Amino acid sequence: MTTVAVALLEREGKVLICRRRNDQAHGGKWEFPGGKVEPGETPGQALVRELGEELGVFAEAFEEVCRYEYAYPGKPAICLAFFRVDRYAGSPHGAQFADLKWESCKALPTYDFLEGDERIVRELSEGLHLTATDSPPSHRPSPAVC
């Protein structure tokens, strides 16, 4: 099964979202930055590599907060591994996306996200996954195994 490492970059209470270019698959859809784990990589290593390639930033502090399977119609299931990125070096930029935007978690459901991201978008808008580790157990992530 293909694993995709996905970054939830935080800044001033907002998370970075990216809109795909119209010439890409799922053009115009919003997503979180990240990409496929390559052979011999861990999801964390893929996360660092992808953020550097896509956005020109280096992830310095991150933790996996959620993992689930999703299958697009007619395609094999993929494993989406989401990482909260608390600290990074550099300023996000890049031509791989049509737009980059910092948005509050509450507003995420108003965007047209990739179908595979809809679950995490809903959970983030409900206050899950970006809370401190000393939060009540109901707000702590419980990663599933793909």
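What comes next concerns the included structure.

Cut-off values and rules
Residues numbered from 1 in each chain as written. Predicted model: local features only at pLDDT ≥ 70, side-chain atom pairs only at ≥ 80, totals over all residues. Heavy atoms only, no water. Helix = DSSP H or I, 4+ residues; strand = E, 2+ residues; numbered from the N terminus. Buried < 20%, exposed > 50% of the residue type's maximum accessible area, 1.4 Å probe, protein only. Contact = heavy atoms within 4.5 Å. Areas by Shrake-Rupley, 256 points an atom, 1.4 Å probe, with all protein chains shown as cover. Salt bridge = Lys/Arg side-chain N within 4 Å of Asp/Glu carboxyl O.

1. Some remarks on the overall build of the protein chain
Helix and strand counts for the protein chain come out as 2 helices and 7 strands. Starting at the N terminus and walking to the C terminus, you meet the elements of the protein chain as β-β-β-β-α-β-β-β-α. Looking at the protein chain as a whole, 45% of its 146 residues qualify as buried. Restricting the contact set of the protein chain to residue pairs at least 6 apart, pairs at least 24 apart contribute 66%. Counting only carbon and sulfur atoms, one obtains 50% of the accessible surface of the protein chain, whose full area is about 7,500 Å².

2. Thoughts on helix α2 (residues 118-125)
For α2, the set of buried residues is Ile120, Val121, Glu123, Leu124 and Ser125. The elements touched by buried residues of α2 are β1 (2-11), β5 (58-70) and β6 (78-89). Downstream of α2 by one or two residues, glycine 127 has phi in the positive range, about 95°.

3. Thoughts on the pattern of salt bridges
Scanning all chains against the criterion turns up 15 salt bridges. The shortest N-O distance in the salt bridge between arginine 84 and glutamate 10 comes to 3.8 Å. Of the two residues, arginine 84 sits in strand β6 while glutamate 10 sits in strand β1, which places them 74 residues apart along the sequence. In this structure, glutamate 63 engages arginine 84 in a salt bridge whose closest nitrogen and oxygen atoms are separated by 2.0 Å. Taken together, the positions of glutamate 63 in strand β5 and arginine 84 in strand β6 put the pair 21 residues apart, joining distant regions of the chain. One continuous salt-bridge network, built from bridges that share partners, spans Glu38, Glu41, Arg49, Glu50 and Glu53.

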